[in-house]
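# Observations on the model geometry
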Amino acid sequence: MNSPFPAMAEDAPVRLDQEGVWDRAMQALRGIDAPLDVLMARCGRPTWAESGSAFQTLARAITGQQISVRAADSLWKRFCDLGTFEPAAVQELSPERLRQCGYSLRKVDYLKDLARHFSTGLVTEATLRAASDAQVQALLTRVHGIGRWSAEMFLIFYLRRPDVFPVADLGLQRALRLHFPELREAPVSDLVLHAERWRPWRSVVTWVLWRSLDPVEVVY
């Protein structure tokens, strides 16, 4: 099945894990905001742990929705014990097999729809890697169970795109209001406006702000 987007002849999107890109971002951000300079001086850089294919990454994200980290790890292990990560094979699994792993009926629907999108070519690894940030969000949010926040996490942690600003993330909002006095009572729309000064490196700022609250890196 053809991709919903035309093939792109442009260069591949910049990735934050490419050599020199993180350093270039940090250099570009220095001097814009004094609180940000302090935070950048304290933190290191991401380790960019690999988490498998795009399909596996999204399946694990669905698995972890609205449950504790420990419960998500246990549920994911039982899913892995099924011995298949191919979308077509997951699509062929009976709902009962997934329920036996501990998935709710809703998450079974989400996993099945994710598998359908990948196995039929509605979403492919190649398309996701070549698409713009907006196109990636448009593709992924068509899948049941994947909303804007999940798509933004995928853009940052899997595709490592440099300019994602997940303003709906409560941790990000908390960090912004903690470190920027002028934003403490600001509505979300003002947070977005303030972040415009950090383009095209808003993912980097987001990561630094997250680390200011919790030194343990997020694994998506």
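Only a predicted model underlies this, so the values are computations on that prediction, with no experimental measurement involved.

## Let's talk about the overall build of the chain
- Secondary structure assignment for the chain yields 13 helices and zero strands.
- The helix and strand sequence of the chain, counted from the amino end, reads α-α-α-α-α-α-α-α-α-α-α-α-α.
- Against the globule reference of 17 Å for 220 residues, the chain gives a C-alpha radius of gyration of 19 Å, in line with a compact fold.
- The dimensions of the chain, computed from C-alpha atoms along their principal axes, are 55 × 40 × 30 Å.
- Relative to its full complement of 220 residues, the chain shows a buried share of 45%.
- Residue pairs at least 24 apart in sequence account for 65% of intrachain contacts in the chain once pairs closer than 6 positions are excluded.
- With an accessible surface of roughly 11500 Å², the chain has 53% of that area assigned to carbon and sulfur atoms.

## Quick notes on the nonpolar core
- Core analysis: the largest hydrophobic core is formed by 65 residues, its most contacted members being Tyr 103, Leu 114, Leu 128, Leu 140, Phe 154, Leu 176 and Trp 198.
- Apart from the residues lying within four places of it in its own chain, the contact partners of Trp 198 are Leu 29, Ile 32, Asp 33, Leu 36, Phe 165, Leu 176, Phe 180 and Val 205.

## A short note on unusual backbone geometry
- Cis peptide bonds are those with omega within 30 degrees of zero, and the linkage from Arg 199 to Pro 200 qualifies with 0°.
- Note that Pro 200 resides in the loop between α12 (188-195) and α13 (202-213).
- Even without a glycine there, the phi angle at Gln 66 is positive, about 60°.
- Mapped onto the fold, Gln 66 is located in the loop between α3 (54-63) and α4 (69-80).
- Exposure remark for Gln 66: the relative accessible area of 84% places this residue in the exposed category.
- Here the phi dihedral of Arg 160 falls at roughly 55°; this positive angle occurs in a residue that is not glycine.
- Relative to the assigned elements, Arg 160 resides in the loop between α10 (148-157) and α11 (170-179).

## Structural notes on helix α1 (residues 21-29)
- Restricting attention to buried positions, one finds in α1 the residues Val 21, Trp 22, Ala 25, Met 26 and Leu 29. All buried residues of α1 fall inside an arc of 135° around its axis, so they share one side.

## Here's the deal with the packing of aromatic side chains
- Taken as a whole and judged by the stated rule, the model has 10 aromatic pairs.
- Between Phe 157 and Trp 210, the ring centres sit 5.8 Å apart and the planes meet at 10°, which makes this aromatic pair stacked. Within this pair, whereas Phe 157 is found in helix α10, its partner Trp 210 is found in helix α13, the two being separated by 53 residues in sequence.
- Of the residues examined, Phe 157 reaches a relative accessible area of 10% and is grouped as buried.
- What makes Trp 210 buried here is its relative accessible area of 8%.

## Thoughts on the packing of α3 against helix α7 (residues 105-119)
- The N-to-C vectors of α3 and α7 enclose an angle of 165°; their axes lie 10 Å apart at closest approach. Overall, the two elements α3 and α7 adopt an arrangement that is roughly antiparallel. At the point where α3 passes α7, the crossing takes the right-handed sense. Taking contact as the criterion, the partners of Ala 54, Phe 55, Leu 58, Ala 59, Ile 62 and Thr 63 in α3 are, on α7, Lys 107, Tyr 110, Leu 111, Leu 114, Ala 115 and Phe 118.
- Considering only residue class, the contact of α3 with α7 consists of 10 nonpolar, one polar and one charged.

## Examining α7
- Over its 15 residues, α7 runs 21 Å from end to end, which matches the ideal 21 Å to within 8%, given 1.5 Å per residue.
- Within α7, the full set of buried residues consists of Lys 107, Val 108, Tyr 110, Leu 111, Lys 112, Asp 113, Leu 114, Ala 115, His 117 and Phe 118.
- Structurally, α7 contributes buried residues whose contacts are with α3, α5 (87-92), α6 (95-101) and α8 (125-130).

## Looking at the state of the cysteines
- Taken as a whole and judged by the stated rule, the model has zero disulfides.
- The cysteine Cys 80 is free of any disulfide, with Cys 101 supplying the nearest cysteine sulfur at 9.5 Å.

## Considerations on the pattern of salt bridges
- Applying the stated criterion to the full structure yields 14 salt bridges.
- A salt bridge links Asp 81 to Lys 77; its shortest N-O distance comes to 3.4 Å.
- Exposure remark for Asp 81: the relative accessible area of 55% places this residue in the exposed category.
- On the basis of relative accessibility, which here comes to 52%, the residue Lys 77 falls in the exposed class.
- With a shortest N-O distance of 2.9 Å, Arg 202 and Asp 163 are connected by a salt bridge. Pair noted here: Arg 202 is in helix α13 and Asp 163 is in the loop between α10 and α11, with a separation of 39 residues, a long-range link.

What counts as what
- Residues numbered from 1 in each chain as written.
- Predicted model: local features only at pLDDT ≥ 70, side-chain atom pairs only at ≥ 80, totals over all residues.
- Heavy atoms only, no water.
- Helix = DSSP H or I, 4+ residues; strand = E, 2+ residues; numbered from the N terminus.
- Rg over C-alpha atoms; globule rule 2.2 N^0.38 Å.
- Buried < 20%, exposed > 50% of the residue type's maximum accessible area, 1.4 Å probe, protein only.
- Contact = heavy atoms within 4.5 Å.
- Areas by Shrake-Rupley, 256 points an atom, 1.4 Å probe, with all protein chains shown as cover.
- Core = buried A, V, L, I, M, F, W, Y, C linked by side-chain atoms within 4.5 Å.
- Arc of directions from axis to C-beta.
- Phe/Tyr/Trp six-rings, centres within 6.5 Å; stacked < 30°, edge-to-face > 60°.
- Axes fitted to C-alpha atoms, helices over the stretch in contact; angles between N-to-C directions.
- Parallel < 35°, antiparallel > 145°, perpendicular 65-115°, else oblique.
- Left-handed = near helix turned anticlockwise from the far one by under 90°.
- Nonpolar A, V, L, I, M, F, W, Y, C, P; charged D, E, K, R; others polar.
- Expected span 1.5 Å × (residues − 1).
- Disulfide = S-S within 2.5 Å.
- Salt bridge = Lys/Arg side-chain N within 4 Å of Asp/Glu carboxyl O.

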